[in-house]
Amino acid sequence: MPETKTRGGVEFARPAAGETLVRARDLACHFEVSAPLLTRLLERRPRTMLKAVDGIDLDVRRGETFSVVGESGCGKSTVARLLVGLYRPTGGTIEFEGVDLAALRGRAERAPFHRKVQMIFQDPYASLNPRWRVRDIIAEPIRTHRLLTEPAALRRRVDELLSQVGLSPTDADKFPHEFSGGQRQRISIARGLASEPEFLVCDEPTSALDVSVQAQILNLLKDLQREYGLTYLFISHNLAVIYHISDRVGVMYLGRLVEVAEVGDLFARPLHPYTRLLLETVPDLEMSGRDRQPMAGEVPSPIDPPTGCAFHPRCPFANDRCRSERPRLRHAHGAAVACHAIEEARLPVDSAGVPLEGRRA
Ligand code: SF4
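Residues numbered from 1 in each chain as written. Predicted model: local features only at pLDDT ≥ 70, side-chain atom pairs only at ≥ 80, totals over all residues. Heavy atoms only, no water.

Caption draft 1: Representation of the overall build of the protein chain. Check the secondary structure of the protein chain and you find 12 helices and 14 strands. If you take every contact in the protein chain between residues at least 6 apart in sequence, the share linking residues at least 24 apart comes to 66%. Within the structure as shown, the protein chain displays about 17,300 Å² of accessible surface, and the carbon and sulfur contribution to it stands at 51%. (Helix = DSSP H or I, 4+ residues; strand = E, 2+ residues; numbered from the N terminus. Contact = heavy atoms within 4.5 Å. Areas by Shrake-Rupley, 256 points an atom, 1.4 Å probe, with all protein chains shown as cover.)

See below:
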C-alpha cells in the first residue's frame, strides 16, 4: 500500500522514492531562426535552425533534486520548458510516470499531468500578475484543477499555503508590488504548490535575488521537498547553488548532456574536460586555497555547432575522433560521461583507474 497524505483536505497517494518519475530519450528542441523567406530566396540561403537541445537522455528519480548546469545558452532552460510541456519536442520522447506525453490527447487527458508538474520561474517580478491580489494568484490553480470549490475551504487552503512558505495569511489581501523579491518568490512557490504537484521544475529560481535571500529560498525548497516528497528539476548556472541543493547533476554543453553524476562525486571528481573547466570558475567550495583558472575560450554558436564532440575546439585532449564522431553518454567511474578520451583511457589515471586530471586537490 502506498503511503498517503492529506494536503488541503485532499488525500494523495505518495509513491515510493527512487523510482523514475520523468524519463526523456533522445530529446531534441530545434528553433528556426532563418532570415525572412524573401531574403532567403533572393540570397539562396537555406533555413537556419538553432539546436537548443540536441538529443539528450535524462532520468529524474522520484524524491530527488536533479540539477542541470551549464553556461548561458547551453539549452538548460529549454529542457525545463520541454519537461513542463511549455515547448513541444522536435524529436525524442518524454515520459511522466511511464506515460508518453505525446500520447496525451486533448485537455482532459493532459489535465492530470499539468496538475502534477509545476514550474517556478526565475523572475518573481514578471511571473505574478500585478493586478491580482495574492489570494487570487494562489487560488487560481486550485480552482483550475477543481481541487476545492467551497469558498471557505479555498480560503483556508490559501492561508495554509502562505504559512507553508513562511508568509502570513494576512498577506493574502495584498498585491505583488507590496512584497520584496524574496517574498514574491515565496508567493510563486505557494502558487506552484497549490495544485498539489509531484514534480517542480525550478528555472534559476534564486538568480534574481540577493545572496542572503537566495539561501533562505533554497532552504525553503529543501524543507518543502522533505515534507511533501517533491521531486525537483533544478536549473542553474551557479555552481555554489547547485552544490547546495542537488542530489544528482547533469552538465550541459551546447544542447547536450556531457556528464551526469552524484553531486558529491561531480564536485570532488569531475571527469569530463568541460566539467573540470566549469568547476575551475567557481569559488573554492571546500576552502582548500586552490588557485582558480578563468574559463578558457568562447562557447560556439548552437546554430552551427562544431562537428563530433561540440567541446573539441576548447578541449586540450581533442583528437581526430573527437572532431568527427559525437561521443555518447557511457558509464565510467560511477558517473555517465560523454567523452572519447575517458572511454579510450587516454587521460592519466590513479591506482583506482580514475582520471587524475579529474581529481580536485
Ligand atoms: Fe575532449 Fe574529445 Fe572528450 Fe570531447 S570527446 S571532451 S574533445 S577528449
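Caption draft 2: Broad picture of the site of the ligand. Cys 309, Cys 315, Cys 322, Cys 339 and His 340 are the nearest of the 13 residues found near the ligand. Structurally, the ligand is housed in the largest cavity. In terms of residue class, the shell around the ligand is made up of 10 nonpolar, 3 polar and no charged. (Near = heavy atom within 4 Å. 1 Å grid on protein atoms, 1.4 Å probe; cavity = no way out; pocket = protein on both sides within 12 Å on 5 of 7 lines; lining within 4 Å. Sits in = over half its atoms within 2 Å of the grid points. Nonpolar A, V, L, I, M, F, W, Y, C, P; charged D, E, K, R; others polar.)

Caption draft 3: Layout of the packing of helix 6 (residues 181-193) against helix 7 (residues 211-228). Where helix 6 meets helix 7, the axes come as close as 10 Å, and the angle between the chain directions of the two elements is 20°. Regarding the angle of helix 6 to helix 7, the classification is roughly parallel. Of the two elements, helix 6 crosses helix 7, and the hand of that crossing is right-handed. Mapping the contact onto sequence places Gly 182, Gln 185, Arg 186, Ile 189 and Leu 193 in helix 6 and Val 213, Gln 216, Ile 217, Leu 220, Leu 221 and Leu 224 in helix 7. Partitioning the contact of helix 6 with helix 7 into residue classes produces 7 nonpolar, 3 polar and 1 charged. (Axes fitted to C-alpha atoms, helices over the stretch in contact; angles between N-to-C directions. Parallel < 35°, antiparallel > 145°, perpendicular 65-115°, else oblique. Left-handed = near helix turned anticlockwise from the far one by under 90°.)

Caption draft 4: Highlighting the sheet that holds strand 6 (residues 91-96). Taken in spatial order, the 4 strands line up as 4-3-6-7 in an open sheet, and their pairing is antiparallel. Looking at the sheet topology across the chains shown, the edges are occupied by strand 4 (49-61) and strand 7 (99-100). Summarising the sheet, strand 6 and strand 7 pair through 2 bridges and their orientation is antiparallel. Residue pairing for strand 7: Phe 96 is matched across the bridge by Val 99. Against the sheet, helix 2 (residues 76-83) makes contact with strand 3 (20-32), strand 4 and strand 6, and its axis sits at roughly 65° relative to strand 4, the strand it touches most. (Pairing = 2+ DSSP bridges.)

Caption draft 5: Representation of the packing of helix 4 (residues 134-144) against helix 5 (residues 151-164). Remark: helix 4 packs on helix 5, axes separated minimally by 10 Å, with the N-to-C direction vectors making an angle of 110°. Taken together, the axes of helix 4 and helix 5 are roughly perpendicular relative to one another. Judged by the twist between their axes, the crossing of helix 4 over helix 5 is right-handed. On helix 5, the residues that touch Val 134, Arg 135, Ile 138, Ala 139, Ile 142 and Arg 143 of helix 4 are Leu 154, Arg 155, Arg 157, Val 158, Asp 159, Leu 161 and Leu 162. The class makeup of the residues in the contact of helix 4 with helix 5 is 8 nonpolar, no polar and 5 charged.

Caption draft 6: Highlighting the pattern of salt bridges. A complete count under the given rule lists 27 salt bridges for this structure. Taking the shortest distance from any N to any O, the salt bridge between Arg 321 and Glu 325 comes out at 3.1 Å. For Arg 321, a relative accessible area of 22% puts it in the partly exposed group. The partner of Arg 321 in a salt bridge is Glu 344, with the nearest N and O atoms 2.6 Å apart. (Salt bridge = Lys/Arg side-chain N within 4 Å of Asp/Glu carboxyl O. Buried < 20%, exposed > 50% of the residue type's maximum accessible area, 1.4 Å probe, protein only.)

Caption draft 7: Main features of the sheet that holds strand 12 (residues 256-262). Pairing is mixed in the open sheet, where 8 strands are placed in the order 8-9-10-5-11-12-14-13. The open sheet has two edge strands with one neighbour each: strand 8 (117-120) and strand 13 (330-332). Between one strand axis and the next, the sheet turns through 20° on average, direction left out of account. Bridge count for strand 5 (residues 65-69) against strand 10 (residues 231-236) is 5 bridges, and the pairing is parallel. Bridging from a neighbouring strand, Val 68 pairs with Ile 235 of strand 10. Running over the sheet, helix 2 touches strand 5, strand 8, strand 9 (199-203), strand 10 and strand 11 (248-253) and is turned about 150° from strand 10. Sheet contacts for helix 7: strand 5 and strand 10; angle to strand 10, the most-contacted strand, approximately 160°.

Caption draft 8: Expanded view of helix 6. Helix length check: helix 6 (13 residues) gives 18 Å between terminal C-alpha atoms against 18 Å at 1.5 Å per residue, within 8%. Looking only at helix 6, the buried set comprises Gly 181, Gly 182, Arg 184, Gln 185, Arg 186, Ile 187, Ser 188, Ile 189, Ala 190, Gly 192 and Leu 193. Of the surrounding elements, those touching the buried residues of helix 6 are strand 8, helix 4, helix 5, strand 9 and helix 7. (Expected span 1.5 Å × (residues − 1).)

Caption draft 9: Examining the nonpolar core more closely. In this structure, Ile 138, Ile 187, Ile 189, Leu 193 and Leu 224 are the most contacted members of the largest nonpolar core, which totals 38 residues. Going through the elements one at a time, helix 4, helix 5, helix 6, strand 9, helix 7, strand 10 and helix 8 (239-245) are the ones with two or more residues in this core. If we skip the residues at most four places from it in the chain, Ile 138 touches Val 158, Leu 161, Leu 162, Ile 187, Ala 190, Arg 191 and Ala 194. (Core = buried A, V, L, I, M, F, W, Y, C linked by side-chain atoms within 4.5 Å.)

Caption draft 10: Local environment of the environment of Ile 56. By the secondary structure assignment, Ile 56 is in strand 4. Spatially, the C-alpha atom of Ile 56 lies 9.6 Å from that of Arg 328, the residues being 272 residues apart in sequence. If sequence neighbours within four positions are ignored, Ile 56 has contacts with Ala 24, Arg 25, Asp 26, Leu 27, Val 79, Gly 255, Arg 256 and Leu 257.

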